[in-house]
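Understanding the architecture of this molecule
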Protein chains: 2
Amino acid sequence: MEAHLPTSPGPLASLTPCGGGQCASVCAECRVKLYAVCAALDRDEINELERITQHITLPPKTALFHAGDAAASVYTVTSGTLRLQRDLADGRRQVIGFAIPGDFIGLAMDDHFGFSADSLTHVNLCRFDRPAFARLAREKHGLMGRLHDSASHELGLAQEHMVVLGRRRAEERVAAFILRWRERMARLTGASATLALPMGRQDIADHLGLTIETVSRTLARWMREKVILDVPDGIRILDQARLEQTLAG
Amino acid sequence: MEAHLPTSPGPLASLTPCGGGQCASVCAECRVKLYAVCAALDRDEINELERITQHITLPPKTALFHAGDAAASVYTVTSGTLRLQRDLADGRRQVIGFAIPGDFIGLAMDDHFGFSADSLTHVNLCRFDRPAFARLAREKHGLMGRLHDSASHELGLAQEHMVVLGRRRAEERVAAFILRWRERMARLTGASATLALPMGRQDIADHLGLTIETVSRTLARWMREKVILDVPDGIRILDQARLEQTLAG
DNA sequence: CTTTCCCTTTGATCCAGATCATGGAGAGAT
DNA sequence: ATCTCTCCATGATCTGGATCAAAGGGAAAG
């Protein structure tokens, strides 16, 4: 059941250590800087941050870290999608969430990660040495504030997801997933009826506390009823009102 | 189904505005100061905090605020237990969590609360004016750091609860609830086999995504099997290993 | 081109937990 | 002491979604 993903950063991950004046341009050209926690920093502080930054790339379906690993680094996603999950001993899996560009990974950790992170697509991240990042956050009040905003926001999303997992029926869960995913993507790419779904049906099921069969049947029915349209690597939403109504009712 | 709780702070809530030198002693004698976010502040800063603090008391079964209310205040619980919940239009309810002494309420809010808070027992809280508290957090780096630690910790707990709601069977959910609640109480009162349960069966059910019947049957079976013992207003844990084993298996 | 592999879809059946129904027990009120 | 109200317990039945089973379908490998 469990794919044996290569642990990275191994030979599959390309590392770009950040040294010298070149870095300023890397962050300056960063497409997620307005969404990411580093938006809290000014030009000089960004340079300071870049000194503890490695830019890394993951191919699809590669582990970034595993639950229980010592959390030596924290990350900001600059492109691609990752799956964050917790595994039970008997193979059951809960997908905690999906990380997309602008997301910070490592908010909820002690010294050890509480979940595993695997790339779904090609992924680019900024890796920060955790002690150094923590020191910077202690010095730069704006950064700490931004981290807290981020953690609070995530906490709100987590609480919403508890409602979905605890009290929603199967159809409502899938509708909630599509609509929330659409909202998140809209912040990055602008509103669009076509929705990329880099995760598979099993990932969606494990996110929603359902089986792959139930997710598949629900989507298939909506396709038959012209609520959504199957497009390569995603769906097109034809009747958003119907999805919203499913959630309200 | 829904009890009509009086909105507070109305006539039922007693307000103790904090003015003059008396305040120092209030915080100085506070039994949760080591756990609460105010532990980040020194003596002078505590005095500053007390200037924006009201000490309030709620009788049992009273609303502190409702989901959607403008979040004019944030709170620290100093005694008692509150239930935090979200309600769906058709009466379904998800209990997000229970707030106990030392807990900060208002981490995950925008301008409006995303959940309702109701007292289960007599409750004492410190109420902070939100804009003033936010200003203080902006000025006092230690306070912001503590808030962030708190939010991160809560986020980790929320993610654990997602696993419970998404992938655990009924018996495992109840075992997880008892063990986690015991851990939280142990931080306050020290380890004890006797566990106070200020929330009702329905509250536990709505926290775990189950029905009251399933919770009741599970507890009844464990009582028959001498895993737990019924005591007034709580239970006594006779066989903790059995509960832990339920979670592992 | 064919084979293999993985993911998804679809149908048939099953079951854990929901729902329905009833009774009991304690706490306040009168 | 009796009524009422609110919880909680427990038995009977039902059902939404899980599980079991089988068959496409597309991409990559041979």
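A brief structural summary. The structure displayed is predicted, hence computed values, not measured ones. (Residues numbered from 1 in each chain as written. Chains lettered and ligands numbered in written order. Predicted model: local features only at pLDDT ≥ 70, side-chain atom pairs only at ≥ 80, totals over all residues.)

Taken together, 15 residues sit near DNA strand C, with G200, S216 and A220 of chain A together with R169 and T214 of chain B positioned nearest. Those elements giving two or more residues to the surface near DNA strand C turn out to be α6 (201-208) and α7 (212-224) of chain A together with α7 (212-224) of chain B. Partitioned by chemical class, the residues of the surface near DNA strand C number 5 nonpolar, 5 polar and 5 charged. (Near = placed C-beta within 6 Å. Helix = DSSP H or I, 4+ residues; strand = E, 2+ residues; numbered from the N terminus. Nonpolar A, V, L, I, M, F, W, Y, C, P; charged D, E, K, R; others polar.)

What follows is about the nonpolar core. Among the nonpolar cores identified, the biggest contains 131 residues, and L82 of chain A together with L82 of chain B are the most heavily contacted of them. Other than its neighbours up to four places away in sequence, L82 of chain B contacts L64, V77, F98, A99, A117, D118, S119, L120 and V123 of chain B. (Core = buried A, V, L, I, M, F, W, Y, C linked by C-beta atoms within 7 Å. Buried ≥ 20, exposed ≤ 12 C-beta atoms within 10 Å, placed from the backbone. Contact = placed C-beta atoms within 7 Å.)

Turning next to unusual backbone geometry. Residue and element names in this part refer to chain A. Its identity as a non-glycine residue notwithstanding, D233 has a phi of 60 degrees, on the positive side. Positionally, D233 belongs in the loop between β11 (228-231) and β12 (234-237). Exposure remark for D233: the 10 C-beta atoms within 10 Å place this residue in the exposed category.

In the vicinity of DNA strand D, 14 residues are found, and the nearest of them are R169 and T214 of chain A together with G200, S216 and A220 of chain B. Where the surface near DNA strand D is concerned, the elements lending two or more residues are α7 of chain A together with α6 (201-208) and α7 of chain B. The element that contributes the greatest number of residues to the surface near DNA strand D is α7 of chain B, accounting for 5 residues.

The subject of this paragraph is the packing of helix α5 (residues 170-189) of chain A against helix α8 (residues 240-248) of chain A. Residues and elements named next belong to chain A. Interhelical geometry of α5 versus α8 gives an angle of 130 degrees and a closest axis separation of 9 Å. Between α5 and α8, the angle falls in the class oblique. Between α5 and α8 lies a crossing of left-handed hand. Of the residues in α8, those touching α5 at E171, E172, A175, A176, I178 and L179 are L243, E244, T246 and L247. Grouping the amino acids of the contact of α5 with α8 by side-chain chemistry returns 6 nonpolar, 1 polar and 3 charged. (Axes fitted to C-alpha atoms, helices over the stretch in contact; angles between N-to-C directions. Parallel < 35°, antiparallel > 145°, perpendicular 65-115°, else oblique. Left-handed = near helix turned anticlockwise from the far one by under 90°.)

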